[in-house]
Each structure stands twice: as C-alpha cells, then as structure tokens.
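Structure at a glance
Each chain, letter by letter, is given below.
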Amino acid sequence: MSTNHVGILFDSRFDNTGDAAMGIVMAKFCEQHDIDFDIVDPLNFNPASYALMIIGGGYLIRDPGDEYYDMFRVNGRHIWNAIGVNSQLNLDHLRDYRYISVRSQKEKEQLRGLVQGVKVVPCITTLMQGEPLPEGITVPDGTIAVHLRPRVVNETNIESLIEELPNHVVMMPFTHYLEDKSFMEGLAWERRDIEFLPKLSPGQLFTYIGNCKYVISSSLHASIFAMMQNVPFFVYAEEKTQNYFTDRGLEWHLFKTCEELKRKIKQLEKGKVIDFSAIIKADTAATRRHLDRLKTAIEQALVEQGQSAPSQIIPANKAVFEKLHIKLLTNVIKHRDAVIFTKSKKLHQQARSIVDLENKVKALQNEVRAIKSSKKWLLAQSVVRLAKSLKPFK
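Quick notes on the rules
Residues numbered from 1 in each chain as written. Predicted model: local features only at pLDDT ≥ 70, side-chain atom pairs only at ≥ 80, totals over all residues. Heavy atoms only, no water. pLDDT = per-residue confidence, 0-100. Contact = heavy atoms within 4.5 Å. Helix = DSSP H or I, 4+ residues; strand = E, 2+ residues; numbered from the N terminus. Expected span 1.5 Å × (residues − 1). Buried < 20%, exposed > 50% of the residue type's maximum accessible area, 1.4 Å probe, protein only. Pairing = 2+ DSSP bridges. Right-handed = clockwise from strand over helix to strand, strands pointing away. Core = buried A, V, L, I, M, F, W, Y, C linked by side-chain atoms within 4.5 Å. Axes fitted to C-alpha atoms, helices over the stretch in contact; angles between N-to-C directions. Parallel < 35°, antiparallel > 145°, perpendicular 65-115°, else oblique. Left-handed = near helix turned anticlockwise from the far one by under 90°. Phe/Tyr/Trp six-rings, centres within 6.5 Å; stacked < 30°, edge-to-face > 60°. Polar contact = N/O pair within 3.5 Å; in protein donor to acceptor, adjacent residues only side chain to side chain. Salt bridge = Lys/Arg side-chain N within 4 Å of Asp/Glu carboxyl O.

Turning to the confidence of the model for the chain, a few remarks are in order. Per-chain confidence: the chain averages 87 in pLDDT, with 86% of residues scoring 70 or above. Below a pLDDT of 50 lies the segment residues 307-312, which in the model reaches nine contacts outside its immediate sequence neighbourhood of four places, other chains included.

Right under this line is the structure:
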C-alpha cells in the first residue's frame, strides 16, 4: 500500500454506537478534504503502511498489559484524536507525536509532565449528523428515551423510577456489545406501555434522540447526541461522563442515585429551563478548529513521508479480542446476576408478605366464625329477628 494513506485507528471492533459515530465523522472529514484513508482493524495493521495514524477518539488509553488496548499505543509521528485517558504509565512514545488532544481538562492533567502542548477538544461526535428513521419508527410527542446498562440498574435501582415516568417511555439500545437490548427487554417491567427500539444506526439514533422530550442514559455519547441537539439529558456519573460534562458546567445532568435522578426530573417537569445553545456553538467551533489542526498535521506528514519510517508492531491475534469480549461479557453477566438476585430477593419478600397477609385473613375468618357460633351472637340474632317481626306501633 502506498504511504500517502492515513490510517484511522479507533475501537472499531466492538459494536458500540459512540465508536461507530467517531468513524463516521472521521471518514466524512477525510472525504471532504480528499484524504486517502483506511479505517484500520485494531487487530491487523502495520503503521508503516501509512503516512501517519490518527488514533482515537474513545476511551483507549488504559494501564499497560491489556493485550487489546495496548494496540493503541503506537510508536511514531502520529496523532491522538480527542482520546479518553485512564493511565499515566508508559506514555513516553507520545513525545514523538505530531498532535495530541484529549476530551477533558482532567485527562490533560494526567499528561502533565509527560508531554507538552496537549489540547483539550470536544469529542468529534459533536459533529455527528442524523439520518432518516426506518419506516415504522416514530417519536411520539413527549417521548422519554432510556438507555440502561446492568451496572447502572444494579447500583441505582432505577427501574422503580422508570415505572413512574410520565409520557411515552422508550428503551433505546446504544452499547450493543454489552447486549443492552436483551437486558432492557428482560427486566420485569410492570407497566405495559414501554416501547423497545430495534437496533438503529448511529445516525438514526442521533435523529431519534433529537426528537425526544429528554433522555436518561448510561452512555457518554448518547448524552452528547442529546446535548448537541438541545435535548435535556441525565447521564449516570462515572469518570468519563463526569470529566466531560464538568468541563461544560453541566454537573446537574449527572446522577449517581435513583433519588437524585427523581429529584432532578421533578425539577425539569416543573419547568426548569435547559438550554445548551451556547455550549453547542462553542463545542462546534472548537471541534472544527481541532479538525483544521488535524488537516495541517496530515498535510505535513504527507510532505514528509519517506523521510522516516514509522515503527512497526506485530498485529495481535484475534484471540486477544475474543478474550477481552469474554471479559466484558463476564462483567455484564456479573451485574445481571446482581440485578436478578435483587429482584428475586424482592419477590421472595413479597411472597412472604402475601403469606403473612393470608395467615392474618385466616385468623380473622376464624375469629368471625367463633363469634358467630357464640351464645351472645345467637341471642343477638334472635333479638334482630324478633324486632323485624314486630309491627310498628300506631
């Protein structure tokens, strides 16, 4: 392959809407600027085949030793593209990079002392655009879109709140690799009017979210989709969502408990004004400036190609991906089991309560029978019959 190509390396192996959206935005960027590119398979690539590699976005930098995510630690004169960072270890190779950008100030702080000139930029899915919805999929007025992962349900007991939500509630699969669709469908919902969306493309999900009243999510990118269309959202608070939305002063939209979420929804329903217009304008402009810097770095790399060959790495075996997927699904199953255990315990307690009530009813019935067979009861009944038989005095 000619080295006038650019390799775009992100977590394209997992079926995740956020990662797929990054690929869509980057492919469109390259096409608009007539840049020859490949979406690179993380398990089968050679950096020497490219003038440079654009790595990210996504939550790619983990502690060394993970056979899959170590594939994103590429040596050479490359680019970090709005990457999520969760490690400060073994990052010396970044000193050779042309351009380094991360998604939050907190992640920039993690790189302090390691590299200079790090830029904080919005996630590139900021520039995501919608697609028409499939035939038969509509968004009724007042729709509330909900995306749940097993961990969030296990740690918040959020289902009880979902049962009480007003309006039309729709379960929205988003992190497909975590089997969120089957999980949400499998929860024992008491209300019968909940709708379950089929699997949609990133562009279709963007359109769907843009027509909702508000969104409850456990995904960073589902929340970005909402924010960029001025749709109120609530997202489960974990490191990457806290980092991203704290930078934008949107801590109010994070929740950690069911009670906290319930309180905030009540404020929204009572008329709390939500307007992301200023953030949308700022993030859009910042992302376009970021892509301009990418374009400059790519043009420079194409001019310099052949002057220094990038380091090569040995492609990972596909078994690496399978091992990681098994690990992720094992964690999903652990949280599902915890949800099942909690529900089973609740059902057992309810069953015990029913038995207790049945015993109380039986005891009361026995008391009534005892009263009815007593001499006092029989005498009272005789008096009542006698009174009914007597004619009124004239």
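On to helix α1 (residues 17-32). With 16 residues, α1 ought to run about 22 Å at 1.5 Å a step, and its terminal C-alpha atoms sit 22 Å apart, in line with that. Looking only at α1, the buried set comprises Thr17, Gly18, Asp19, Ala21, Met22, Gly23, Val25, Met26, Ala27, Phe29 and Cys30. Taken from the residues just after α1, aspartate 34 is the one with a positive phi, measuring 55 degrees.

All right, on to the sheet that holds strand β12 (residues 233-236) then. Pairing is parallel across the open sheet formed by six strands, whose spatial order is β10-β9-β8-β11-β12-β13. Taken across any chain shown, the strands that pair with only one partner, and hence form the sheet edges, are β10 (195-196) and β13 (254-255). As paired elements, β12 and β13 share two bridges and run parallel to each other. Across the sheet, residue valine 235 finds its bridge partner in β13, namely leucine 254.

What follows concerns the pairing of strand β1 (residues 6-9). Judged by which residues are buried, β1 turns out to be covered on both faces: Val6 and Ile8 on one side and Gly7 and Leu9 on the other are all buried. Of the strand pairs in this sheet, β1 and strand β2 (residues 37-39) are connected by three bridges, and their pairing is parallel. In the strand pairing of β2, valine 6 is matched with phenylalanine 37. With α1 bridging β1 and its parallel neighbour β2, the resulting β-α-β unit is right-handed. Where β1 and strand β3 (residues 52-55) come together, four bridges link them in parallel fashion. Bridge pairing in β3 links glycine 7 to methionine 53.

What follows is about the nonpolar core. Counting 83 residues, the largest nonpolar core has Ile216 and Phe245 as the members making the most contacts within it. The contacts of isoleucine 216, once residues within four sequence positions are left out, are Ile144, Ala145, Val146, His147, Ile158, Ile162, Leu165, Phe234, Phe255, Leu261 and Ile265. If you look at the next biggest cluster of nonpolar residues, it comprises 27 residues, including Val74, Val85, Leu91 and Tyr97.

Turning to the packing of helix α6 (residues 202-210) against helix α7 (residues 220-227), a few remarks are in order. In the contact formed by α6 and α7, the axes pass within 9 Å of each other and the chain directions differ by 55 degrees. Considering the angle they form, α6 stands oblique to α7. At the point where α6 passes α7, the crossing takes the right-handed sense. Residues Pro202, Leu205, Phe206 and Ile209 of α6 form the contact with α7, whose participating residues are Ala222, Phe225 and Ala226.

In this structure the tally under the stated criterion is 13 aromatic pairs. Between phenylalanine 174 and phenylalanine 225, the aromatic rings sit 5.6 Å apart at their centres with planes inclined by 70 degrees, giving edge-to-face as the arrangement. You can see phenylalanine 174 sitting in the loop between β9 (169-171) and α5 (180-186) and its partner phenylalanine 225 sitting in helix α7, a full 51 residues away along the chain. Classification of phenylalanine 174 by relative accessible area gives buried; the value is 0%.

Our next topic: the side chain of threonine 156. Tracing the backbone through its elements, the reader meets threonine 156 in helix α3 (residues 150-156). Using a relative accessible area of 7% as the deciding quantity, one classes threonine 156 as buried. A distance of 2.6 Å separates the side chain of threonine 156 from the backbone oxygen of valine 152, its partner in a polar contact. With sequence-adjacent residues up to four places away left out, threonine 156 is seen in contact with Tyr236, Phe255, Lys256, Thr257 and Cys258.

With an omega of 0 degrees, the peptide bond between glycine 56 and glycine 57 qualifies as cis. Positioned with a positive phi, aspartate 34 is a non-glycine residue whose angle comes to about 55 degrees. Residue placement: aspartate 34 occurs in the loop between α1 and β2. The phi dihedral of glutamate 179 is positive, around 55 degrees, even though this residue is not glycine. Relative to the elements of secondary structure, glutamate 179 occurs in the loop between β9 and α5.

It is worth spelling out the pattern of salt bridges at this point. Evaluated as defined, the whole model comprises 17 salt bridges. Arginine 149 is the salt-bridge partner of glutamate 238, the closest N and O atoms lying 2.5 Å from each other. Of this pair, glutamate 238 sits in the loop between β12 and α8 (239-246) while arginine 149 is found in the loop between β8 (144-146) and α3, placing the two residues 89 residues apart along the sequence. This pair shows no difference in class: glutamate 238 is buried, exactly as arginine 149 is. Each of the salt bridges in this network shares a partner with another, and the network as a whole consists of Arg149, Arg151, Glu155 and Glu238.

Looking at where glycine 142 falls in the secondary structure, it is placed in the loop between β7 (119-120) and β8. Note: C-alpha distance between glycine 142 and proline 166 (24 residues apart in sequence) is 8.8 Å. Excluding its chain neighbours within four sequence positions, the residues that come into contact with glycine 142 are Asn167, His168 and Lys213.

Let us look at α6. The α-helix winds at 3.6 residues per turn, so residues separated by three or four positions along the chain end up facing the same way. Burial analysis of α6 places eight of its nine residues in the buried class, the great majority of the element. Residues of α6 that are buried: Pro202, Gly203, Gln204, Leu205, Phe206, Thr207, Tyr208 and Ile209. Taken together, the buried residues of α6 touch α1, β9, β10, β11 (214-217) and α7.

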